[in-house]
Structures are given as C-alpha cells and as structure tokens.
Amino acid sequence: MANSATAIERRSGLAAVYEVGATGGSAEKPGVTLAERRPLSIVHVAGDPDTAAFADGVRSATGCALPTNANTMNRSGNDAVIWLAPTRWLCVSPDQGPGVLEGALRVACGDAGAVIDVSHGRTVTRLSGPNARDVLMKGPPVDLHASVFAPGSAVQSNMAHCGVLITCIDEDTFDLYCFRAFGQHMWEWLCEASLEYGYEVGETVGI
Amino acid sequence: MRCLVPDSAVSSPDPIDGGSTVTHYSIFTLARNALDYHENWPEAWRSPDPQPEYDVVIVGGGGHGLATAFYLAKEHGITNVAVIEKGWLGGGNTGRNTTIVRSNYLLEGNAHFYEKAMELWRGMTAELNYNVMFSARGVLNLAHNDAQVDAFQRRGNAMRLNGIDAEWKTVGEIRRMAPLLNFSREARFPIYGGLLQPLAGTARHDAVAWGYARGADSRGVDIIQNCEVTGMKTEQGRIVGVETTKGFIKARKVGVAVAGHTTQLFDMVGLRLPIESHLLQAMVSEPVKPALDTVITSGAAHCYISQSDKGEMVFGGDLDFYNSYAQRGNFPIIEDVVSSACELFPAFTRLRLMRTWGGIMDMSMDGSPIIGKTPIEGLYINGGWCYGGFKATPGSGWVFAHTIAQDRPHKLNECFSLERFETGYVLDEKGAGPFPKAH
Amino acid sequence: MSQTFRMPEGGLIDRAKPVTFKFNGVRYNGFEGDTLASALLANGVHFVGRSFKYHRPRGILGAGAEEANAMVQLREGARTEPNVRAGQIDLFDGLTAASQNCWPSLNFDLQSVNNLFKRLLPAGFYYKTFKWPLSMWLTYEHVIRNAAGMGKSAVKKDPDRYERMNAFCDVLVAGGGPAGLMAALTAARAGARVILAEETAAFGGHLKGRRYRIVGRSAMDWVRETIAELDGMANVTLLPRTTVASYYDHNMLVLNQHTGDHLPTAAGDTPRQKVWKVWATEVVLATGSIERPMVFGNNDRPGIMLASAAQAYVNQFAVKPGCCTVVFTNNDSGYEAAVDLFNAGIEVAAIVDNRHERSAAADAAEGVGIEILNGHVVYNATGSKRVTGAEVMALDYEGETLTGEHRTIACDFLCMAGGWTPSVHLFSQSRGKTLWDEGLAAFLPGESFQRERSAGACRGSMGLASCLRDGAAAGLDAVKAAGFGSASSVEAPVADDHGPGALRAMWKVPLPPHTHLKQFVDFQNDVAATDIELAAREGYRSVEHTKRYTTLGMGTDQGKTSNINGLAILAGALGKPIPDVGHTTFRPPYTAITFGAIAGQERGHHFAPTRRTPLHDWHAENGAPFVPAGYWLRAQYYLRDGEGMWDAIYRETVNVRTNVGLCDVSPLGKIDIQGKDAAEFLNRIYINGFAKLAVGKARYGVMLREDGVVFDDGTTSRLGENHFMMTTTTAKAAAVLQHMEYLLDVVWPELDVHIVSVTEEWCGIAVAGPKSRELLSRITDIDMSNDAFEFMGVREGQIADVPGRIYRISFSGELAYEVGVPADWGRHVWETLMAKGEDLGVQPYGMEAMGILRIEKGHVTGGELNGRTSAGDLGFGGMLSSKKPFIGQRSLSKPAMTDPERKMLVGLKSVDGKSRIPRGGQLVESPGAQLPMEMHGEVTANCYSPNLKEFIGLGIVKRGPERHGERLWAVSPITNQCVEVEICSPHMFDPEGERLRG
Amino acid sequence: MRITCPWCGERYLSDFTYQGDATVERPSDPDKVSDAEWHDYVYLRDNPKGWHDEVWHHTNGCRKHFKARRNVVTHEIASTAPMSGELTGGDK
Ligand SMILES: Cc1cc2nc3c(=O)[nH]c(=O)nc-3n(C[C@H](O)[C@H](O)[C@H](O)COP(=O)(O)OP(=O)(O)OC[C@H]3O[C@@H](n4cnc5c(N)ncnc54)[C@H](O)[C@@H]3O)c2cc1C
Ligand SMILES: NC(=O)c1ccc[n+]([C@@H]2O[C@H](COP(=O)([O-])OP(=O)(O)OC[C@H]3O[C@@H](n4cnc5c(N)ncnc54)[C@H](O)[C@@H]3O)[C@@H](O)[C@H]2O)c1
Ligand SMILES: Cc1cc2nc3c(=O)[nH]c(=O)nc-3n(C[C@H](O)[C@H](O)[C@H](O)COP(=O)(O)O)c2cc1C
Ligand SMILES: [Zn+2]
C-alpha cells in the first residue's frame, strides 16, 4: 500500500463489545485483565533468513534481529518480530500510519523478501494478571506452563475453532492474536473463560 | 431338531426350505422351549471345518459377505459356498455402525441401488425368520441455511422422481417430530427445515449378521470363523483359490467383501485400488427412556443421532481424517460430535457418554461403492462403502450374488464398476473429488 | 427421620454438618461426607431401584463406580440427571433423588410382571419373536422402548456451564489410593510436574473403608499427611472428584472433573464440570481393584452387597447396612470384612466359605465367636424387597454338587466376597495386552505399549505394604523415564500386608437338583448364568457374540462386577480355559463422561465461531437480517419501514440497475501472491493464462481439480511484476489456500512464490450501477474516467481519505467497481459512500439482491459449482488454454468429460410468466410420466427478476446449450410445484455486456 | 496423536491436516504419461496396513507441509521430515 498519511480513525473489530471497566465474575479482586492492543502496524514478511539482504533489512526496519529459533520473538521497546515459520515472520509495532512500516520493510528488504501489510487483519487481545495463564490454558492444546512458555516465547495453535498466535510478554502478560473477523467471537469466549477468576476490561493498550 | 408345528404365526414369502434342520423361531417355539428351560435350542449356525474346495468362497463374514452367501443360495441355487471370516461374524463394521438405513440419494445410480436395499430391508425379518428390528422411524436431514434448503429440496425431488419416499418438513412439523431439538432463533445453526425419508430408519446391526448367517447356514453354506485369508492364488489371470490360516481352499469364484481391508486383499493379487482405509468413530450415551423417536442428521453440525431400543443415544460424525487400520480413534472428533449433539439437543448436555469405539472405513475416491468384476477372472470386488454400507447390506449381497453367479453385474450395480474411475463416470454425491477423506 | 443405622461415632463423615435430603419424596437426614448410598443405608433404606429387563427389586451392591443396581434420577427440572450411582453422589443439603425404571411407584411397579414371564424372556428372545405381523414391529418396539432405558433425560436447556482445560505434565497418576499416593509423592519430591487424579471426593482409596495401620497409626493419618505434603508443592496438581476416563494415543488422557456436583449448584462462577485434556510424558496407573459378587440363586435381592462395600459403609461412613449378616466368601477378604462388621456391633451369623480347608484368616473371626462354615455355599437368598435369609448347603470336595442338609440362616443383609478384579481398564485402553493370572483368577496388565506402568491392586499387588512399595517403585520409574534421572527413591512406610489369600474360584454356585433359580451375573442388564449358557448353546460362542447376544457388560457400569464372572461361565459352558475365551474390549470412558463437559464452552453461539465483516455492526444497525455463509454472517437485505422482505429485495435489485448500490463483499477469500515465479504459478493452477496479464489489470480465472472438475473461480489482479492478489469464493477460500500451499511445498518446491491470506485485512465494497463511477469519483483521487480506468483495471489511491484499491470488476453485470480498503476503515468508507451518494440514490444491497443480479447475468456460484461440473459445462470451455499445462488438464480427455450428454449451464424462463420456478426443482419432459422418471437436468437457482419482469432461473441440463428454446417442466414434488420452463441462454440480462463496459 | 513438526516441534493432532500418501508423485509432464499412469496418480493408493509415509500440513502453525512415517495400525510415528528430507525408522 502506498505510504500516505490519514486522519481517519481506525475502527476496532471489537467496537460492538468493548467496554472499558466492564467486569465479570463474582471474585472481588479480578484475576485477569482483558484489553485490546490497538492500533498496531502489523506486517507479514517472508524470505530466506540466510539472505543477509533480507535479515538485515528486517532488522533495520524494525530494530529487532530476525528471530531464527522457532516459537520465539525478538523485541526492542514496543516493537517485535515474531517467528511464524522457517521463512515467515510477523513484524509488530504501535501504529506508524498507513503503509509506513510496510514501506520501510519493502525498501529495506528490496526483492529479497515478500512484504504484506496485515495491520487491520488481526485482533490482538492482551491478557494480564495472576490468572491470565490459567485462562489461556483453557484454549490451545500447547504447554503454556511458566517453565516452558516464558517471556519471549511465541506459539501458534488453535482454540475455540480459530487459529491463534500467543506471545508471552512477561510472567503474567500475554498477547493473543487472531483474525479480525473472529475477534468478537474470541473476545466473548475469553470473557467466559475468565469468569471463574473474575475479569476486568482495561483501557486499550496503544503500545 | 426339526420344527414340528408348522408356524402359522409367520407368513414368510420364502419359508426356510424343509431340507435343512432348523428351528423356526416364533412365539410358539419360544414358549415350548421355555418349558424345558431353553436347554434344547439348536445352534443358529454350524461351525464346520473348511472343505478342500467350493464353488464360491466369500471372504469376509460381515453383513455383506453373509448376505451374498445367503442370496447365492436362495436366488441362484449355489449352495457349495463358504464364508471365510478372520474373526467373529459381524465383528467388523457391521458390528460397529450407527445403523442408519436410508436411500436418500441425489444421483440416480445410488438412488436405485439403495432403494432396492430398502425393499429388501422391509421383508428381511420374514425372509430370514429372524427379527432384525428394522425400524422405519424416519430419517430427517436438518437444513441450517438457505443453501442447504436448496440442496436438500433438490435431492428430495430427485428421490421422488426416482420413486423414493421423501417429504419436506417445516420447522413446525419438525418440532412435533423431535421436540427436544434446538429451535431457538439464537441457535448458532438455526433449523430452517428438513428433508424426511419416512420409510428410512434403523435396524439391529448384530441381528442382520446373525440372521443372514443362520439363513445361509440352513441352506448349506459353510460359515468358517477365526480363519484369515492370507493369500489368493491365480493361474493365467484366473482365481483358483485362497490361502487361509486353516489351509488352502480351492474355489472357482471368490468374492471379496472385507470393507476396510479391501485393499489388503487385492494387494495379494497385485491390484491397487481407488480406496483408502480411514477411521470412523461412533459412541453411545447411557440408556434413557425414549427421548428421540426419529433419526436426526445434521450436515452443518456434523452429527447423526438416533436412540436405540435399549435407550442409548447412538451417534457419530466425521472421520478422524487420517488413514488408519486401528479400530480406535482420538479425542478431537469426539469433542466435535458431542458438542454437535449438545447444540442440536440442548437438554442432552446432562446425558453421559458411556462408550466410544471405531471402525475401519473403506473410503473410495468418489464416495460410492465398488461392486463388480475385476481384471482377474473369477475374482469379484465388493467394497468402498464409506459411511454408508450398512444400509446397503441386503442390496449389496443381492447384486453381488447376481454378479458372481452370472459373472456380470446386475443392472443395479453396473454404475459401481471399478472402471468408472478411468472413464470418469464417477458417482460423486458430495462433489468432493478424488479425496477419500472428504466423502 | 432419625438415622437408625448410624453408629454413634467413627467414620470420615462430619457429624457437625447435618444434611437433609429427599428420596422418592421422603425426607431423610445424613451428614456431610456421606454419599446418597451411605445416607440411605443410615436410614435403613436398601430397596432403591428396579432392574432393566425384569424390573426386579434392587438394592445397593457397592460403594462406588462398580455399583450396578443403585442408580437414581438425581435432582429435578432442568438440572435432572439420569442413572447416577448412589455411591458416587456426595450428599448435599436439599438433594432430591428418585428411583428409576418403575411405574407408578418403586414399591408397586406394573412392569414387574415381566419377572413372572422371565422364562419367556431369555437372552435374545426379541430376535425370535415380535415378527408378526410385520407392520406391528413399530408398535412392539414402542412398548419395548418404554420398558427399557432406565432414567429420564432432562428436557430443558441446561442452566449449568462446562469448561475444558489443557494440561501437560511429567507424570500423571491415576488413582489416589496408597499406591497412587506413594507414586505421586516419589515423583513430586524429584521436582517433576505431577497431576494426581482421584475419582472420589477424598484420597485414600480402600484405606478410607479399612482399619489398616501404617507405621503403627491409622492409615488415614498417613494419607492426610501425604496429601498435605503434596498440596504444599508448586509442581503438584491435586484433582479430587476427577476420573481419568480415557487413554488415547501418545499419552493423551482425558479427565472428567466434578467441580460442582457435590453442591446444590456450582460455587461462584466455577463451571459444574471440567474436562481436562492431559498430555503426560509418563503415566502411573494406580486404579485399584473391584470386588466380585458370587453367582448364586436370587443373588440380586436388596440387601445383598459386596463385602468390601459393607466394610466401607461401617468404617468410612459409620453406617450399619443391617443388624445381622451372612458373609459368603471364596477368599480371605471376607473374614476381614466380617471382623470389621462384628466390631461395628453387627451380628455376623456365619461366614460361608466355599474353601474346604480352613484359612489362617479364620482365627480373628473365630476369636470373636463367628461361626465359620468351610466347604459350604449360599445357593439361594430368600426375601423379595429385602433379603431375609441365606440358604446354605455343603459342597462336595470337587465343588460340583451340593450335599448334606440344607439350612436357612436368617439375615437382613448378605455380603459377597468373590475375589478381586484389578481395574485394568486404562491399561487396556492404552493398547496394552492383559494376561490371565490363575492365582487371583483375574486379568493383569501385560507388557506396556505406551509410556505407562501400573502399581498396586490394579496390577495384582493386593496387600497394603506391597501396594505402598509398588507405588514408590512405579513413581520412581516414571519420574526417571520423564527425564529426572537423579530422582531418589522414597522409603515406603511400614504397614502390614493384608492379602486376599488363596482363592477358590467358583464362577457359579451349583444348585440342588431340579431347582431353577436366577443366578445373576450382570445385575444391571439382568443377565443370568443361564443366559450365557444359552448363548453358548446357540452358537454365539465368541465372547463378543455372547456379550452382544446377552448384553453382558453393556450397561452403564460396563461390567465392572460382571465381566470376569460372565466370561468364566462362558468358558465353563464351552469347556475352554478362561484365557482362551478372553475378555471383550475395554473402551473409553472408564466411567461415563457428561456430554456438557466434553463440549465445554463450545455450546450455544460458541458451538462454532462467528466471522463478522468490518461492516457487520452497520448492517445490524440498519435493519439487516443475516444469513450464514460458512462461519460468516452476511447481510441478507435492508428492511425499510412498511416494507416486506421481497419489496426490499426487489427495490435493492432495481436500484443497482438504475442508480447505484453498495454490497459488502468482504468475505470473499483474498490471497496475496508474491515472488518471481508468481505469474508462472498462476499459469499452472488456472485453466486460462496469467503470464501476460498486464500490471494494473485483473482477470477472471477458473481452477480445476486434478480430476478435471471445476474447483473454484475468482478474479486475480496483477499489482506488480511479481505481485498478484487473488480472490476466491467465500466457501472455498481456505481450501484454495491449502491447495496452493500444497502445490508449492510438495509439487513445485522450486518455484519462488510466497502466498499469504489477506482476507481479513481488507474490507470489500462492491459499488455497482450506472452511477457508480460518478459516486466514486466524488471520494477518490483516482481518475475514474472510462479511458483512464478501463474495464478489468485495478488502481491504487486515496478513497475517502484512506489508502485503498479500486478494481473495475462486475458480478452484477452493471458498470461496477470493487473497493478494497483496510478493514478498520471499512465502515468509514462505506458511510462516506452512503452520504456522498444520497443524491444519486445510493442504497445498500444484500445477498438476496446480489443473487438475483447474478442470476440475471448467468454468473455461476455454489449451486452450479457443485463439484461435478466441468469448465465446459459452465460455459468456460473457451477459456481452457491449449498453450500451457495446468492442474486437471490431463483429465479432460476422459470419455465422461467429453460426453455430449453432460449437464450444462442454461438459463430458464417460466413459460406462463407468472409462476416462480421451484427451488431445487428437477427438469423433466412431462410431469405426468410414471416413476422412475428421467431427469434432464436440475434447477440450480431461481428468482423473480424485477428488471426482466419475469420468473427466471439457472439450471444444468443435458446438452443444454443445444436446447435453447426447448420447453421442459421444473417439478418439485416435495413442495407440490410444477412449472413449465423454457431453456434459454444463461446471459438473460444485457447479453452483450454493454453496461459493464459503458 | 502428537506430531512433531520439523520446524515448530511437537504439537497435538488438532493443529494439523492430513494431506495424503507421500509416495504419490505428480507426473512432471502429464502429457507425457499414459492414461493408465495418470489414472494411477489421481486415484490409486497402496493403502498399506502398517508403516505409511504421509504428507501433513501444519495448518494451525507454520502452515508448511512435511512428511511423516506413521504406523496406521498403532499410530506410532517413527519420524517426520521436511518434504525435501528423508524419513527414517519403522520397518520400511
Ligand atoms: C462407526 C461407523 C458408523 C457407521 N454408520 C453407518 C450407518 O449409520 N449407516 C450405514 O449404512 N453404514 C454405516 N457404516 C458403514 C457400515 O458399517 C459398513 O459399510 C458395512 O457394515 C460394511 O459391511 P461389510 O460386511 O462390507 O464389512 P464388515 O462388516 O467390516 O465385514 C468385513 C469382514 O471381513 C473380515 N475380514 C477382513 N479381512 C479378512 C481376511 N483377510 N480374511 C477373512 N476375513 C477378513 C473382517 O474381519 C470383517 O468381519 C458405519 C461404519 C462405522 C465404522
Ligand atoms: N484385603 C484384600 O483382600 C484386599 C484386596 C484388594 C485391595 N486391598 C487393599 O486396597 C488397597 C489397594 O491399593 P491401591 O492404591 O492399589 O488401590 P485403591 O483401591 O486403594 O485405590 C484406587 C483408587 O483409584 C481410584 N480410581 C480408580 N479408577 C480411577 C480412575 N479411572 N480415575 C481416577 N481415580 C480412579 C479409586 O477411586 C480409588 O480411590 C490396599 O490398601 C490393599 O490392601 C485389599
Ligand atoms: C448400534 C449400537 C449400539 C450399541 N449399544 C451399546 C450399549 O448399549 N452398551 C455398550 O456397552 N456398548 C454398546 N455398543 C458398542 C459395543 O459395545 C462395541 O463397542 C462396538 O460394537 C464395537 O466393538 P468393540 O468395542 O468390541 O471393538 C453399541 C454399538 C452399536 C453399533
Ligand atoms: Zn510447524
């Protein structure tokens, strides 16, 4: 997409259900905080990690080294590059404006890699709090135990019949990526799964 | 012992012939045997050792193999026949299926064949003098969106024009038939209507195998259990017999009806087939008082369910979706099928799953069976039944017996030839293409 | 009511917490810690149910999962639950339960007449009767069904919630008895992640019901200390009230946790039950053993129970099952039970032991003056709704015939100690093969197939000390195998070893000559020894045939108490050794799992996910009903006040052809394709060429399967030399992506192509109608003029102040464009179009209008792309390239593909002009013809065309294209419709396509 | 079943899609093969009872296809490998 600024606000896929301050469950102290991370710039890159032009390109455009270990992500500040497949990564950063991150990656990687803007194609839910991990345990059939799924880990799997990507930000903070059209379904599912611990809907996380 | 009182109670169109010594089953014989504490009932079938040679050897003692033997004897007078079963009679898919009997097909070839089977189902209890409990309680396909209404009505119309019973049911009518279904507007898959085949239903799977076994045995067929066919012998492109765990058995003709093991048998003569073996699971709930009087199937929800006479909900859904010869599956499909049952019947969430099991499905490349001759003279194939071979049992045996006896297919199974995949005249009811797991 | 049979002290119940409950309408008291069974016995209630077939009175047989008789209808209304075992119901205040399978009442049950006809109802009787007249079967069946079936299903929507959990661990221990506890402790101390699951409310297993001692103190003290230690460890998850139900491939196990069943309603927001899916590296099975009944005459009378159960009732629940008992045993456990009962103040009239030689275990019993009858058997029980006495006779040394005087010993309950059956269910589910053990007369685990091992009674270690040692060893073995090589063994505490001693198997008690008494084997299904012998006699000789012919072991208990006795009796009848007969297959689950727990959150609107387009909320706010399309919800039409559905649909349709309409086409699949071989790749998967497609242009393409049948269609645009954007149908989006990934990974790995689904990134808006150009030019900087932006052109630019793309493509056949903007801006752009187009008469149109527009133009969708039609059938023959190979091409020469009789796409017009062509209709020559009737083709789509002002449709008809002008009948017998139609070209509206190029 | 994706590692069955027999090879030039060979490629399968080389797709993961040698009777998996790699183990 051509790099061109706009003043128009982006509308969240959760607009119909997102209510800051809303709570669920009878626990007096909520064990989970659910919040949407938005707006974000998200760009899918594909290329050969051994081609310097590509790897360096991604680094220079995102500030993060290309993670070559499966199921990991590299972060610098609020920017991250997440491993998806041996030749695919997801570059995530706070919204930089239409086409900015994509453009930067295009320029940096030249034709060493494919660059696809998917900034609007994902709903990202941030789960935090002492029970965030427990809520996620109800989802994907992967081991999310702290000893295995530590900060910097990223795993793709399925839950509630949707493909998901989950990253571990710190001990009890996680980002859950799903396709935008499934966003509301996934949000409502997470709210129900959080009931037994009690949850609270937080402000959207811009960074 | 010989049946003394000719049984007035049963008007069988073809009473079991007098030649054999078989007790006619009826309330009278039951009462008489009750007097001596049921200590004098004869065997339902003999357990002979294999003869060195037979006119016809049928491999596979499931419903299809046994029905084939029965009709070879009954319709074609061929009684020098052996049915060779590696395990116990009916222990294959016949003994592990959800027993839905129907002929609600769109494509002509399928429709006529399965309707012939329906006709035989209706007379089976009398024909076999064995109550197979064929229960014409109706099979209802639920439509959950407009596209399905379209497709189902198209199929229903084709059925009617092919002379098969079919009715369209409105939501109101369905409510009366199965009040516990989920009629909520909020339902994830709301019910738009349904295609009913009123004369379809269920039957007692084991009784079908046992009834045909008893009927075939009484006509002189040797049923040989615990005997596995390990090889097939040919000479100049002609079958001459089968190797078994009980020795070599000479045979002029061999018919193979082994469902999930079809490719195994034909591998013995170097033939590869358009068939893959997949795993299908089924399950039962604990028994409860009557709560569902019709067979309900839902394509959108991937679930078919009926209540057995004993009271369990008998149900199943999709394949496990990977090749397998294990009669045991994995949990994901059980989760899908059970949640479908709960979505269709919200009150069933409090029922409990009592037992689950699996069977090996002979999935063909177009989802339709293969019944006919093979490149090897005297060797005949009956397989590729996918989800649907139980309802075919009598029809399958009937046309297969004809094919073997006459050495040419009956009009009803011409379309099920092995060659159709080369010529392209496949019967792809689902339109899924050459992907066995997709049918 | 007072708890007459409650002992003054002892037991694990909490006397400080009294509880009241109702059974069959009568109010009773119990204590917390009771089960419904123990509380009923405390109140002297034995007779609780009726049997399946004969409706005989039945009482309480066991104390847990093995219960085959005492099943009740628990709770009322929407929360009612059938077939719950009284011994597995933790008592709570206000509990209500009722007997099942009896009408009008438990005491007076009409169907108990079946019992009088029992001689007429042997195994398999229904196969031999009910055959006449044929038409009557449905009626007989109705009666049979009502007689069968035990409890009742709820009929209202379940108010409770259920959830699923996923867990991974190093060691999963199934069973919380001494063996399981030692195994868990050993693994946990090594630092491994341990899950310990116990089916009942409290850990301890048999110890709860025994008076065993460990290191000189009550064994239960040791249990409490052990649990306390485990509870304190972060690496341990304790799951009481949790059954390990199923054992699947690769150590994946399914657990059913009863989080709320012991409460009136689940606490707070916890679900009623959870299913745990556990992936364990190693598994320890410590599931214990179940005692066997003795098979004598009328052994099913209320008051006849397993000795171990009676023992549990006095020791764990401080309840006396009665005042006076007779213990019938074939091993030492009977003696142990007898002594416990005696110490509880119960009169033990006699211990009847079929063994002729006196066992050392007799000392203690004799010490307290209990009469011991060696070489005797109980051959019959008297009484009806409660046992009143045991009929005893001596046994000859061979154990085949009864001798001497017959004597009746009065009692108000009778204990059976028939030996122990190790619970090998899970081992067997894991694919392990069992081995017959002559000493225990039971099957034991053989070689392991998966990464599991058994410990304790479930592998035949019956003594307490050996169970503890066994558990410690198994725990160590498991934790080492899980990678904790340095784990050290844990010393098993000292305990004395109570074994069952030498057992004298007696599968069926001999009867006096000329007596015919029902000797039940499977209580729940009313299977008696004679039924099994009948099956053998009639040739149902495989244990699998016997099971199915008699229904042995097919009840809700799955034969926990009956399978061994049954197959042993079969072996006897066949004169075969038991291992040659073998056992039937153990199948999941061990005890039944609640449907709801398996479904978890996948109920209601979460049963399947819902996909919403970026414009979903706008559609909803503007009165649009939705239609499901796969997981998607799509706007059907937009109702205005005073309008009916069809008014709205026709208004929208006409407006597109006269003004301009907007349609949400976001669900169409979109795939971004990049790489230097992108064009070559497209060339190989489409039937038509893409190599020469110019940058900035779009092209309609068709894909085939390898069998030559049409797979999918859509337009693909070239955004750059090596960059394409493909659109697929909504239905096939996922399949097409996977198909392409397969080809790139497996078939043509040499191609340099990257593909990614971008369906979700874009909001797609079709802007269609003569005024579409005018409308768009008002909001975009793209030059919309016809020569600057030709048909099938693609442009990028600012649209309503956001970056986007415009494709000049048309599904409606009008001058039309498809706008693509990033999803979050979709609504903004849509609303801008609505606002800026007001004077142009812009209106949204839904699926229905879109359907009509495409039918008018003869564009194909689902109904025609039915997986059986070829490119030729659908009029794409001309697109088939001969210059390049493509997927499916090689199959096009097959006879069937070139058959002139193939059904091909045509248009249909209703001849009388006023009758709608029936949906799903079949096309025949004359509706009157007799059945079966030849079908020339089928109606694939139908509508009223407000633009052509007539009823039209599409169909596929044999030799269709040659038959334009010919008439057929479109018939729909199932909706009683029959309309004469004329075959015509499918391009019914603007056949030359001037409008879209205009 | 737990399947080890050559890239993502061990994952549960529900993350994968079975994509058929890995020994089936598409004729590189369909026009050059006989009708019989083409028919064989599209329709005929060995369907062995025992060790089976298969193609799986890591649908809810890296979305790559890979090979697995699986015993279709016991469901044991001997090895997995990228499409370009070699399968080992099993008695095959
Ligand atoms: C879970 C499940 C649900 C189903 N539901 C339905 C349904 O609702 N309706 C329906 O119509 N169909 C259904 N089917 C399909 C149906 O059960 C089968 O198509 C049908 O029973 C096949 O019968 P058969 O006699 O051909 O095969 P089987 O009953 O499997 O008999 C084949 C026999 O051949 C024996 N055999 C194999 N190899 C050898 C050998 N080498 N030597 C000797 N003997 C051998 C086997 O032991 C077996 O007994 C279902 C199947 C399953 C597994
Ligand atoms: N005196 C005798 O003759 C005799 C005979 C048998 C057993 N015993 C005694 O019984 C004890 C045996 O110890 P043990 O630990 O081997 O067995 P146990 O019976 O003491 O414990 C087994 C535990 O596993 C639980 N369980 C069973 N299946 C389960 C499943 N699928 N999921 C979850 N939990 C399940 C049961 O509820 C029980 O609490 C010893 O004390 C032994 O002395 C004595
Ligand atoms: C229609 C039908 C009904 C069944 N009902 C029961 C039942 O009531 N109780 C039971 O234990 N098993 C029932 N089963 C399952 C069988 O016990 C058995 O699991 C199945 O035939 C497969 O055989 P296998 O488990 O021995 O491999 C039923 C099976 C079928 C096909
Ligand atoms: Zn992967």
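Please refer to the structure higher up on the page.
The present account deals with the structure reproduced in this document. (Residues numbered from 1 in each chain as written. Chains lettered and ligands numbered in written order. Predicted model: local features only at pLDDT ≥ 70, side-chain atom pairs only at ≥ 80, totals over all residues. Heavy atoms only, no water.)

Things to note about the overall build of chain C
Helices and strands together make up the secondary structure of chain C, namely 24 helices and 50 strands. For the C-alpha atoms alone, the extent of chain C along its principal axes is close to 115 × 75 × 55 Å. Looking at the 998 residues of chain C, the share that counts as buried comes to 67%. Of the contacts formed within chain C by residues at least 6 apart in sequence, a portion of 68% connects residues at least 24 apart. Summed over all atoms, the accessible surface of chain C reaches about 32600 Å², with 54% contributed by carbon and sulfur. Charged side chains of chain C number 103 positive and 113 negative; the gap between the two group centres comes to 3 Å. (Helix = DSSP H or I, 4+ residues; strand = E, 2+ residues; numbered from the N terminus. Buried < 20%, exposed > 50% of the residue type's maximum accessible area, 1.4 Å probe, protein only. Contact = heavy atoms within 4.5 Å. Areas by Shrake-Rupley, 256 points an atom, 1.4 Å probe, with all protein chains shown as cover. Lys, Arg positive; Asp, Glu negative; His and termini not counted. Charge placed at Lys NZ, Arg CZ, Asp CG, Glu CD.)

Considering the site of ligand 3
Of all residues adjacent to ligand 3, which total 19 residues, the nearest are B:Gly95, B:Lys310, B:Arg355, C:Gln558 and C:Arg587. In this structure ligand 3 sits where residues from chains B and C come together. Contacts to ligand 3 include B:Glu312, whose side-chain N or O atom sits 2.8 Å from a nitrogen atom. Contact between ligand 3 and C:Gln558: an oxygen atom at 2.8 Å from a side-chain N or O atom of the residue. For ligand 3, the protein covers 97% of the area, taking 600 Å² as the surface of the free molecule. Those elements giving two or more residues to the shell around ligand 3 turn out to be β16 (352-364) of chain B together with α12 (543-550) of chain C. Broken down by class, the residue content of the shell around ligand 3 amounts to 5 nonpolar, 6 polar and 8 charged. (Near = heavy atom within 4 Å. Polar contact = N/O pair within 3.5 Å; in protein donor to acceptor, adjacent residues only side chain to side chain. Nonpolar A, V, L, I, M, F, W, Y, C, P; charged D, E, K, R; others polar.)

Examining the coordination of the zinc ion (ligand 4)
Residues and elements named next belong to chain D. Bound to the zinc ion (ligand 4) on the protein side are Cys5 (SG), Cys8 (SG), His58 (ND1) and Cys62 (SG), at distances that span 2.0 to 2.4 Å. Bound by 4 donor atoms, the zinc ion (ligand 4) shows angles of 103 to 120° at the metal and therefore tetrahedral coordination geometry. We note that the donor set of the zinc ion (ligand 4) lies within a single chain, spaced as C-x2-C-x49-H-x3-C. Of this pair, cysteine 5 sits in strand β1 (residues 2-5) while cysteine 62 sits in the loop between β4 (51-57) and β5 (65-71), and the two are 57 residues apart along the sequence. Residue classification places cysteine 62 among the buried residues on the basis of a relative accessible area of 2%. (Donors = N, O, S within 2.8 Å, 3.2 Å for Na, K, Ca; no water. Tetrahedral: all angles 85-135°; square planar, octahedral: opposite > 155°, others 65-115°.)

What about empty space enclosed by the protein?
All names here are of chain C. What the rule picks out here adds up to 12 cavities of 30 Å³ or more. Looking at the largest cavity, it is lined by 24 residues, and the ones nearest its centre are His425, Gln558, Gly559, Asn563 and Phe586. Looking at the lining of the largest cavity, the elements that each hand over two or more residues are β25 (420-422) and α13 (563-574). Per-element accounting of the lining of the largest cavity gives the leading share, 3 residues, to α13. (1 Å grid on protein atoms, 1.4 Å probe; cavity = no way out; pocket = protein on both sides within 12 Å on 5 of 7 lines; lining within 4 Å. Points joined across faces, edges and corners; volume = space filled by probe spheres on them.)

Quick notes on the pairing of strand β1 (residues 53-59) of chain B
All names here are of chain B. Counting buried positions over the 7 residues of β1 gives 5, a clear majority of the element. By the bridge criterion, 6 bridges tie β1 to strand β11 (residues 247-256) in an arrangement that is parallel. Within β11, the residue paired with valine 56 across the bridge is lysine 253. In the sheet, β1 pairs with strand β2 (residues 81-84) via 4 bridges, with the strands oriented parallel. Bridge assignment links isoleucine 58 to a residue of β2, and that residue is valine 83. Viewed along the sheet, the connection from β1 through helix α2 (residues 63-76) into β2 turns out right-handed. (Pairing = 2+ DSSP bridges. Right-handed = clockwise from strand over helix to strand, strands pointing away.)

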